[in-house]
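# What the coordinates show
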Amino acid sequence: MTEITQLRGSAHDKTQRLLPWYNNGTLDEGEIAQVKEHLADCAECRAALADDAGLAREFAAMPLDPEHGWAALTGELDRRPAAKTSNVAFLRRRVPVAWMIGGQAVAAVLAVGIFTTLPSRTPDQTYHALASAPAAPAGNAVVVFKPETSEAAMRSALLGAGARVVGGPNASGAYVLQLPADTRAMALKQLGGMPDVLVAQPIGSERSS
Amino acid sequence: MNLATRSLNIRAMIAVAVTSERNVSKRSAGVGQAAREELRLLESIRAGDRQAFEQLYRLYHPRLTRFLMNLVRRPQLVEEVLNDTLMVVWERSESFNGASKLSTWIFAIGYRKAMKALRRQQDPIEDPEADRRPSPMPNPEQELSLSRNHVLLRKAMNELSADHRAVVDLTYFHEMGYREIADILNCPVDTVKTRMFHARRHLRKRMEGELADWI
């Protein structure tokens with residue numbers, strides 16, 4: 001474009017220069033008001049505005065296919081060294097939600113496994129030294145809450161189930177509970193159905209209930 | 001006032017009314033949501049998530065192809081520049097500092113890559129395969145499949161410089177504001193307005209007699 005056009009500072013020229021962006025809705029409020037005011041009195045600018053709308057519509061039609069380009073770029077990605085992840089700090093990495101939930105569930109199951117397979121911490125002791133601490137009461141259930149669960153929510157859930165915390169939390173966040181024997185099954189079902197609870201299951205024999 | 005002029009004026013007034021309506025509703029909440037989703041994808045890309053990169057690639061492919069097609073006008077070159085552009089996004093995502101919209105940043109990379117490719121094309125390098133390679137311009141058969149308006153518009157666009165084509169495309173197709181376009185092209189806003197003014201005048205001149213049918 002070698003043609004030189006002198007743009008004057010009149011309202012008409014200013015409007016002419018702003019019309020494409022008035023058309024595509026990107027002007028600020030002051031500019032819109034300025035254009036509207038001039039359009040009301042200027043047939044030439046109204047016609048130019050209509051031309052712009054037509055041009056913009058014609059530009060909008062071009063079918064494209066990304067498949068070929070993506071296939072080419074994938075080949076290029078495979079050829080380049082996979083240095084991308086190495087410079088990302090471990091804690092900054094995004095973990096997909098499914099893996100987070102799955103990981104928590106696995107941790108919870110392991111925690112429950114530890115509680116249920118460890119030898120009893122309350123053997124039948126026939127002798128107590130005076131300084132011996134009283135044996136902790138045995139629990140009859142284990143519960144694991146999601147890490148983000150608030151203390152208030154946990155307290156409410158445990159109270160609602162009639163549970164008393166007798167152990168934990170351990171490193172995996174598992175609590176040992178003492179539930180009333182006659183309502184244990186129902187309380188565990190209630191706890192297990194709560195969105196904040198990852199695991200709720202019985203431990204020990206029926207006798208310990 | 002003759003019938004044709006009156007008819008044109010009525011159409012112009014309808015266009016004004018429609019435009020006013022668009023101005024109110026156009027920049028809706030959906031735009032912000034899409035921008036947030038793109039930023040979320042960029043975060044995942046920074047962590048090396050190739051699926052997120054593919055999603056971003058597919059989001060930007062139509063827009064960038066369109067933009068680059070108007071700039072470099074050779075399908076083979078478009079694909080090369082487009083992939084070069086998105087490879088920068090993949091490899092240098094940390095350099096996006098959030099000072100502009102993500103789309104502005106990506107388009108600016110695309111523009112620089114395209115201009116570099118054009119400069120390379122203009123260098124006189126002997127190409128023994130040139131005669132056997134298909135022409136980048138549409139053949140008569142291809143042109144027949146386009147509407148008359150598209151053919152005229154394409155020819156008129158081809159007569160503009162790459163910088164003018166970029167402004168026209170970013171305004172009409174990508175619906176960007178002149179400030180954002182100035183950021184992408186790294187030039188003053190007045191330059192954008194002036195380029196657009198000249199480009200529109202050229203297009204209108206070339207499309208004379210056809211424009212009325214579009215409106």
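Residues numbered from 1 in each chain as written. Chains lettered and ligands numbered in written order. Predicted model: local features only at pLDDT ≥ 70, side-chain atom pairs only at ≥ 80, totals over all residues. Heavy atoms only, no water.

## Notes on the overall build of chain B
Within chain B one finds eleven helices and zero strands. In chain B, the succession of α and β elements from N to C terminus is α-α-α-α-α-α-α-α-α-α-α. Looking at chain B as a whole, 46% of its 215 residues are labelled buried. For chain B, the share of sequence-separated contacts (at least 6 apart) that also reach a separation of at least 24 residues comes to 66%. (Helix = DSSP H or I, 4+ residues; strand = E, 2+ residues; numbered from the N terminus. Buried < 20%, exposed > 50% of the residue type's maximum accessible area, 1.4 Å probe, protein only. Contact = heavy atoms within 4.5 Å.)

## Some remarks on the pairing of strand S3 (residues 174-178) of chain A
Residues and elements named next belong to chain A. Counting buried residues along S3, five of its five residues qualify, which places the element largely inside the surrounding structure. Burial along S3 is two-sided: Ala174, Val176 and Gln178 facing one way and Tyr175 and Leu177 facing the other are all buried. Note that strand S1 (residues 141-145) and S3 share four bridges and pair antiparallel. Bridging from a neighbouring strand, Ala141 pairs with Leu177 of S3. Pairing geometry for strand S2 (residues 164-167) and S3, over three bridges, is antiparallel. In the sheet register, Gly167 faces S3, and the bridge partner there is Val176. (Pairing = 2+ DSSP bridges.)

## Focus on helix H3 (residues 50-72) of chain B
Residue and element names in this part refer to chain B. Here H3 spans only 28 Å end to end across 23 residues, well under the 33 Å set by a 1.5 Å rise per residue. The largest bend along H3 measures about 45 degrees and falls at His61, with the proline Pro62 one to four residues further on. Its side-chain oxygen placed 2.9 Å from the backbone nitrogen of Gln51, Asp49 serves as the N-cap of H3. Count one or two residues on from H3 and you reach Arg73, which has phi positive near 65 degrees. (Expected span 1.5 Å × (residues − 1). Bend = angle between axes of the 7 residues up to and from the residue. Polar contact = N/O pair within 3.5 Å; in protein donor to acceptor, adjacent residues only side chain to side chain.)

## Notes on the packing of helix H8 (residues 162-172) of chain B against helix H9 (residues 178-185) of chain B
What describes two packed helices is the angle between their axes and the distance between those same axes. Residues and elements named next belong to chain B. Axis separation between H8 and H9 bottoms out at 10 Å; the angle between their running directions is 140 degrees. Of the possible angle classes, the one that applies to H8 and H9 is oblique. The element H8 and its partner H9 pack so that their crossing is right-handed. Between H8, through Asp163, Ala166, Val167, Leu170 and Thr171, and H9, the contact on the second element is made entirely by Ile181, Ile184 and Leu185. Per-class residue counts for the contact of H8 with H9 are six nonpolar, one polar and one charged. (Axes fitted to C-alpha atoms, helices over the stretch in contact; angles between N-to-C directions. Parallel < 35°, antiparallel > 145°, perpendicular 65-115°, else oblique. Left-handed = near helix turned anticlockwise from the far one by under 90°. Nonpolar A, V, L, I, M, F, W, Y, C, P; charged D, E, K, R; others polar.)

## Points about the nonpolar core
The nonpolar side chains of a soluble globular protein tend to be buried, and buried together. Of all hydrophobic cores here, the largest spans 71 residues; its most connected members are Leu71(B) and Leu185(B). Per element, the largest residue contribution to this core is eleven residues, and it comes from helix H5 (residues 102-122) of chain B. Ignoring any residue separated from it by four or fewer positions in sequence, one finds Leu71(B) in contact with Tyr111(B), Ala114(B), Met115(B), Leu118(B), Ala162(B), Arg165(B) and Ala166(B). Counting 15 residues, the second-largest nonpolar core is a separate cluster that includes Ala141(A), Val143(A), Met154(A) and Val197(A). (Core = buried A, V, L, I, M, F, W, Y, C linked by side-chain atoms within 4.5 Å.)

## Focus on the pattern of salt bridges
Throughout the structure, instances matching the rule amount to 13 salt bridges over all chains. Residues Asp169(B) and Arg66(B) are paired through a salt bridge, measuring 3.1 Å at the closest nitrogen-oxygen approach. Here the residue Asp169(B) occupies a position in helix H8, and Arg66(B) occupies one in helix H3, the gap between them amounting to 103 residues. The closest approach of N and O atoms between Lys101(B) and Glu180(B), which form a salt bridge, is 3.3 Å. Taken together, the residues Lys101(B) in the loop between helix H4 (75-91) and H5 and Glu180(B) in helix H9 connect sequence positions 79 residues apart. The exposure class of Glu180(B) is buried, given its relative accessible area of 12%. One connected set of salt bridges, linked through shared partners, spans Asp28(A), Glu31(A) and Arg179(B). (Salt bridge = Lys/Arg side-chain N within 4 Å of Asp/Glu carboxyl O.)

## Focus: the sheet that holds S1(A)
All names here are of chain A. Judged by pairing direction, the sheet is antiparallel, and its four strands sit side by side in the order S2-S3-S1-S4 without closing on themselves. Because the sheet does not close on itself, it has two edges, and the strands there are S2 and strand S4 (197-202). Each adjacent strand pair in this sheet contributes to an overall mean axis angle of 35 degrees, direction not counted. In the packing of helix H7 (residues 184-192) onto the sheet, the strands contacted are S1, S3 and S4, and the crossing angle to S4 comes to about 165 degrees.

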